[in-house]
Amino acid sequence: MQAIKALLPVLWLFGMTGSMFAGQELQLDFFRGVKVGQEFRCEAKADYLSEYYLSGSIESAKTPLKHFHVELSGVLMVTRTMEAMPCWLELKIEKFAGFENDVKYQSGLDGKTLFIRHDGSGRTNFAFKESGNAIAAKDASLLGMIFDLGTIELAGKTIWGYPGRIRAGSTWIPDLDIFRRQLARLNARPEKLEGMVTLKQMQVFQGIDCLVLDMNINCLLADGETCAVISYAVFPADNSTYGPVKNDLCILRKRQIKLPETEPLAAGQIMHSEEKFHLETVMLPLKINK
């Protein structure tokens, strides 16, 4: 799970139709800086599944190895920024639930307030506000499925790209250099990297005029390993409002290994492994300090 998490830098409940801006040109900026004191209502679900199967002279069904699921609701406040992005956060947890291999994990984080901090080297740390003590390793691992501050880019940089004036149906290339730098956290260098962003339509989400985008990134690594990213994001139409207010992110990583010929039962077999990560996040601004 650590490997697939490193690719992370958040209820489709829509109302109006895309005809709201049919044919209208827009000048959009997907980099939306935040300010200290800004608050958000956060609802999130994350799911991680790793599986393997064999192919060759013997075919096997997919066998699960690890399955983690986490759900969270609460209020986030930005307490420190770097390059106009949050690097320290305060999280007031209302509800938290974690599951490992479908067994519920008893964390005791409900009602707690935590600090979430970027340590300057790409790692995200979690500590209780009241005591300053680090939270349990299992809690940190599960929360890390939702909150991974990762590598903070220069202000103005965003993986969603810089398309200029666009309209519904417009497509452009995302900032693949940002994705390449995230891959560097895995010590991975892509042999082929391509992607596309599409502005789908305008809709109203939670009373906010928003723009719906989807992004697809496909990556080919060494030895036939692949990584595919699909993200559906909802950005406020107002460039000054932080976004996305909703994000649905899916990552699929596939690898295969030819098993040693020295093992009679493994000769000629190929073991395939898959990691699937799915994150749904709603981040609604509660207060904006001017």
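Please read all numbers here as calculations on a predicted model, not as lab measurements.

## What to know about the overall build of the protein chain
(1) Moving on: When its secondary structure is counted, the protein chain shows three helices and 14 strands.
(2) Moving on: Sorting the 290 residues of the protein chain into buried and exposed places 45% on the buried side.
(3) Moving on: Roughly 14,400 Å² of accessible area belongs to the protein chain as shown, and the carbon and sulfur atoms make up 53% of that amount.

## Re the pairing of strand β10 (residues 192–205)
(1) Moving on: Judged from the two bridges that link them, strand β9 (residues 171–172) and β10 form a sheet pairing that is antiparallel. What sits directly across from Trp-172, in β10, is Val-197.
(2) Moving on: Bridging between β10 and strand β11 (residues 208–220) involves 13 bridges; their strand directions are antiparallel. Bridging across to β11, Val-197 finds its partner in Met-215.

## Details of helix α3 (residues 176–184)
For the α-helix, the turn length of 3.6 residues means that residues three or four positions removed from each other point alike.
(1) Moving on: Considered for burial, the residues of α3 that qualify are Leu-176, Ile-178, Phe-179, Gln-182 and Leu-183. Seen along its axis, α3 keeps its buried residues to an arc of 155 degrees; they face one direction.
(2) Moving on: Along its buried surface, α3 packs onto β10, β11 and β12 (226–236).
(3) Moving on: Its side-chain oxygen at 3.2 Å from the backbone nitrogen of Asp-177, Asp-175 defines the N-terminal cap of α3.

## Describing the packing of aromatic side chains
(1) Moving on: Here the structure, examined in full by the defined rule, presents five aromatic pairs.
(2) Moving on: Measuring from centroid to centroid gives 6.3 Å for Tyr-48 and Phe-68, while their planes differ by 35 degrees, and the two rings are tilted. In this pair, Tyr-48 is assigned in strand β2 (residues 39–55) and Phe-68 in strand β3 (residues 63–82), connecting sequence segments 20 residues apart.
(3) Moving on: Since its relative accessible area comes to 3%, Tyr-48 is described here as buried.
(4) Moving on: Judged by centre distance (5.7 Å) and plane angle (80 degrees), the rings of Trp-160 and Phe-235 are edge-to-face. Placement of the pair is Trp-160 in the loop between α2 (137–143) and β8 (165–166) and Phe-235 in strand β12, with a sequence separation of 75 residues. In terms of burial, Trp-160 and Phe-235 fall into one category: buried.
(5) Moving on: Among the aromatic side chains, those forming a connected cluster through ring pairs are Phe-30, Trp-160, Trp-172 and Phe-235.
(6) Moving on: Arg-80 extends its terminal NZ or CZ atom over the ring of Trp-88, reaching a point 3.7 Å from the ring centre.
(7) Moving on: Between the NZ or CZ atom of Arg-117 and the centre of the ring of Phe-115, over which it lies, the distance is 4.5 Å.

## As for the side chain of Asn-247
(1) Moving on: If you trace the backbone, Asn-247 turns up in strand β13 (residues 246–258).
(2) Moving on: Here the side chain of Asn-247 touches Ser-231 through a polar contact of 2.7 Å, side chain to side chain.

## Looking at the nonpolar core
(1) Moving on: In terms of nonpolar packing, the biggest core is built from 61 residues, with Leu-72, Leu-143, Phe-147, Trp-160, Phe-179 and Leu-213 touching the most fellow members.
(2) Moving on: With residues near it in sequence (within four places) discarded, Phe-147 still touches Cys-42, Leu-72, Leu-76, Leu-91, Ile-116, Thr-124 and Phe-126.
(3) Moving on: In this structure, Phe-205, Cys-210, Val-282 and Leu-284 belong to the second largest nonpolar core, which totals six residues.

## Here's the deal with the pairing of strand β6 (residues 113–118)
(1) Moving on: Relative to β6, strand β4 (residues 85–100) is paired through five bridges, and the arrangement is antiparallel. Among the inter-strand pairings, Leu-89 is bridged to a residue of β6, identified as Ile-116.
(2) Moving on: When β6 meets strand β7 (residues 124–128), the two strands line up antiparallel, connected through five bridges. Paired with Leu-114 across the strands is Phe-128, a residue of β7.

## Topic: the environment of Asn-101
(1) Moving on: Along the chain, Asn-101 falls in the loop between β4 and β5 (103–105).
(2) Moving on: In this structure Asn-101 comes out as partly exposed when scored by relative accessible area, which is 40%.
(3) Moving on: The spacing of Asn-101 and Pro-64 is 37 residues in sequence and 9.0 Å in space, taken between C-alpha atoms.
(4) Moving on: When residues no more than four places from it in sequence are discounted, the contact partners of Asn-101 are Leu-65, Lys-66 and His-67.

## Some thoughts on the confidence of the model for the protein chain
(1) Moving on: When the pLDDT values of the protein chain are averaged, the result is 87; 89% of them are 70 or greater.
(2) Moving on: Within the protein chain, helix α1 (residues 2–5) has the poorest average pLDDT of any element, 55, and β9 the best, 97.
(3) Moving on: In this model, residues 9–19 is a region of pLDDT below 50 whose contacts with residues beyond four sequence positions or in other chains number 36 contacts.

## Concerning the pattern of salt bridges
(1) Moving on: Across all of its chains, the model carries 16 salt bridges by this definition.
(2) Moving on: A salt bridge links Arg-41 to Glu-94; its shortest N-O distance comes to 2.8 Å. Of the two residues, Arg-41 is situated in strand β2 and Glu-94 in strand β4; the sequence distance between them amounts to 53 residues.
(3) Moving on: Looking at Arg-41, the relative accessible area reads 27%, which means it is partly exposed.
(4) Moving on: With a relative accessible area of 39%, Glu-94 lands in the partly exposed category.
(5) Moving on: Residue Lys-200 pairs with Asp-214 through a salt bridge whose shortest N-O separation is 3.7 Å. With a gap of 14 residues between them, Lys-200 in strand β10 and Asp-214 in strand β11 connect regions that are remote in the sequence.

Calculation criteria
Residues numbered from 1 in each chain as written. Predicted model: local features only at pLDDT ≥ 70, side-chain atom pairs only at ≥ 80, totals over all residues. Heavy atoms only, no water. Helix = DSSP H or I, 4+ residues; strand = E, 2+ residues; numbered from the N terminus. Buried < 20%, exposed > 50% of the residue type's maximum accessible area, 1.4 Å probe, protein only. Areas by Shrake-Rupley, 256 points an atom, 1.4 Å probe, with all protein chains shown as cover. Pairing = 2+ DSSP bridges. Arc of directions from axis to C-beta. Contact = heavy atoms within 4.5 Å. Polar contact = N/O pair within 3.5 Å; in protein donor to acceptor, adjacent residues only side chain to side chain. Phe/Tyr/Trp six-rings, centres within 6.5 Å; stacked < 30°, edge-to-face > 60°. Lys NZ or Arg CZ within 6 Å of the ring centre and 35° of its normal. Core = buried A, V, L, I, M, F, W, Y, C linked by side-chain atoms within 4.5 Å. pLDDT = per-residue confidence, 0-100. Salt bridge = Lys/Arg side-chain N within 4 Å of Asp/Glu carboxyl O.

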